[in-house]
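Survey of secondary and tertiary structure
Chain by chain, the residues run as shown.
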2 protein chains.
Amino acid sequence: MNQTIEVMKNHRCIRNFLDKKIPDAIIDELVAVAQAAPNSINGQQISLVIVRDKEKKRRIAEIAGGQTWIAQAPLFVLFVADFYKAKLAADKVGRSLVIPESIEATIAVSIDAGICLQNVITAAESLDLGIVPIGGIRNDPAAMIELLNLPEYTFPINGLTIGYPADRSHKKPRMPMSAFRHDEAYDPAKLPGLIDEYDKLMQPYLKSVGRENEVNWSTNTMNYYSFVYFPKVYPTMKLQGFKNDK
Amino acid sequence: MNQTIEVMKNHRCIRNFLDKKIPDAIIDELVAVAQAAPNSINGQQISLVIVRDKEKKRRIAEIAGGQTWIAQAPLFVLFVADFYKAKLAADKVGRSLVIPESIEATIAVSIDAGICLQNVITAAESLDLGIVPIGGIRNDPAAMIELLNLPEYTFPINGLTIGYPADRSHKKPRMPMSAFRHDEAYDPAKLPGLIDEYDKLMQPYLKSVGRENEVNWSTNTMNYYSFVYFPKVYPTMKLQGFKNDK
């Protein structure tokens, strides 16, 4: 329908990057689109940490469970859930900062992080850069907090690795669109058949990329979701001031 | 730098819409870019509910605390945090769905919702549509669940109103960019001065849009953040299977 929509429809994650720096002017644009995105109540509760230092990227790769592409790519961006600025506002106007005690705060700031992140992704891909989002930093959030000096009422919510692609990976098939889209009301009855269909579709795809061991969508998803795969998030959030108990 | 980046940099929220339908082909494209966005572990834990029914939009406007533009605009999209599909996968492969008990699940799915949402926003704005995100549905999530028939392990995480703008609103000034961007490590020391600067900048802006009563950023933000403004989120999530206690 237009170039912008084509960029989004052609998205795929990249995990192999050229040894080539990203010009400062492009990084400035990526930051500008992140800041231009909408945010909840104009609280501006997202901050970015731009990381280009090799040693820091190597350490983040380790924190994220050995994701070597983080060290390989020229740029890592951390999206920080940031109520520290609101804490400064609270002190300035002499009121108490209560919102980080609530699950609503965690939801609102995580949505805002996703919104910012996706603007950076779309801008990067429109400039022929490749990206991969890094949720794996939540494997050890305390290590990220220490490494990047995050204050109270902040939390390292998600990362993004950006660079020039060394190769174009396959585009992963999604579920049939009718499993994603409901009209006027959610229709649970249609889903089991669509999931069966998708499980069958994923088998040849997984074979073509050498990952038959994942079996299909249902099996692979349950390899993650039958336990709490990042158990340090909850206690580390508490230490940072996010109680999540109301 | 290019048209896609210009669209994102020119974002503003619209709260006044023409009485003009959005063609089905455009709605299909908005759904397609939402589904093409990256998602955590390929769990595909977002679903959309497309709402065009007038009476339903009127009801959603009410649930969201009297946001009349929801009823006025031709299209409302609900972004659903959806582990119901994972529950079907769990039953299919004979394993237990544990992840919704954790705060990690709420974070990951909220980020994914923001990512999807922002693709829809960028696509809509690239087609000269106007949007406003609707976090206000979390004012009464149980009412949204009932209205749109959401099953267990799902939650109405955010809404989006879309239509043809009746007027172009002002672009709201953001904090100085250095309050948003940190390089190599977070620098808390620079923030108080930047917040003072922004508070001063917001006064003439608020006056120009007739909202002097908000005073400045610090005061307005604390009018929200000194209490839990959506207290029903936590108990309603629990009823839906999101325990948020580990």
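Our structure is the block above this text.
This structure is a prediction, so every number in the text was calculated from the model and none was measured.

**Observations regarding the interface of chain A and chain B**
Taken residue by residue, the interface counts 122 residues in chain A and 122 residues in chain B. Taking both sides of the interface into account, the surface hidden between chain A and chain B amounts to around 10,900 Å²; carbon and sulfur atoms contribute 63%. On the chain A side of the contact with chain B, F180, E184 and Y186 of chain A bury the most area, a combined 8% of that side's loss. For the side of chain A that touches chain B, the element with the most residues is helix α6 (residues 103-126) of chain A, which contributes 17 residues. Grouping the amino acids of the side of chain A that touches chain B by side-chain chemistry returns 70 nonpolar, 31 polar and 21 charged. Where strand β1 (residues 46-51) of chain A lies against strand β5 (residues 181-183) of chain B, three bridges are found, and the strand directions are parallel.

**Looking at the sheet that holds strand β2 (residues 75-82) of chain A**
Here five strands make up an open sheet; going across it, the order is β3(A)-β4(A)-β2(A)-β1(A)-β5(B) and the pairing mixed. Two strands bound the open sheet, and with one partner strand each, they are β3 (130-134) of chain A together with β5 of chain B. Direction aside, neighbouring strands of the sheet carry axes that sit 25° apart on average. Where β2 of chain A and strand β4 (residues 154-163) of chain A come together, eight bridges link them in antiparallel fashion. Paired with F76 of chain A across the two strands is T161 of chain A, which belongs to β4 of chain A.

**Here we look at the relation of the copies chain A and chain B**
Overlaying chain A with chain B gives an RMSD of 0.0 Å, the required rotation being 180° about an axis along which the chain moves by 0.0 Å. Here the symmetry operator amounts to a two-fold rotation axis. Considering only C-alpha atoms, the residue of chain A closest to the rotation axis is G114 of chain A, which sits at 2.1 Å. Both copies present the same face, since 100% of the interface residues in chain A are matched by interface residues at the equivalent positions in chain B.

**Remarks on the nonpolar core**
In terms of nonpolar packing, the biggest core is built from 176 residues, with F79 and I162 of chain A together with F79 and I162 of chain B touching the most fellow members. For F79 of chain A, the residues in contact, after removing those within four places along its chain, are I46, S47, L48, A113, C116, L117, V120, F155, P156, I157, N158 and L160 of chain A.

**Concerning helix α10 (residues 233-240) of chain A**
Buried within α10 of chain A we find V233, Y234, T236, M237 and Q240 of chain A. The buried residues of α10 of chain A occupy an angular sector of 165° when the element is viewed end-on, so they sit on one face. Its buried side turned inward, α10 of chain A meets α6, α7 (141-147) and β4 of chain A together with α6 (103-126) of chain B. The positive-phi residue at the C-terminal boundary of α10 of chain A is G241 of chain A, with phi of around 105°.

**A look at the pairing of strand β1 (residues 46-51) of chain B**
Residue and element names in this part refer to chain B. Of all the six residues making up β1, six are buried; the element is thus mostly covered by neighbouring parts of the structure. Across the two faces of β1 the burial is the same, with I46, L48 and I50 and S47, V49 and V51 all buried. When β1 meets strand β2 (residues 75-82), the two strands line up antiparallel, connected through six bridges. For V51, the partnering residue across the bridge sits in β2 and is F76.

**Overview of the sheet that holds strand β4 (residues 154-163) of chain B**
Sheet architecture is open: five strands sit in the order β5(A)-β1(B)-β2(B)-β4(B)-β3(B), paired in mixed fashion. The open sheet is flanked by β5 (181-183) of chain A together with β3 (130-134) of chain B, the only strands paired with a single partner. On average, adjacent strands in this sheet sit at an angle of 25° to one another, irrespective of strand direction.

About the criteria used
Residues numbered from 1 in each chain as written. Chains lettered and ligands numbered in written order. Predicted model: local features only at pLDDT ≥ 70, side-chain atom pairs only at ≥ 80, totals over all residues. Heavy atoms only, no water. Contact = heavy atoms within 4.5 Å. Buried area = accessible area lost by both parts, 1.4 Å probe. Helix = DSSP H or I, 4+ residues; strand = E, 2+ residues; numbered from the N terminus. Nonpolar A, V, L, I, M, F, W, Y, C, P; charged D, E, K, R; others polar. Pairing = 2+ DSSP bridges. Axes fitted to C-alpha atoms, helices over the stretch in contact; angles between N-to-C directions. Least-squares fit on C-alpha atoms with pLDDT ≥ 70 in both. Core = buried A, V, L, I, M, F, W, Y, C linked by side-chain atoms within 4.5 Å. Buried < 20%, exposed > 50% of the residue type's maximum accessible area, 1.4 Å probe, protein only. Arc of directions from axis to C-beta.

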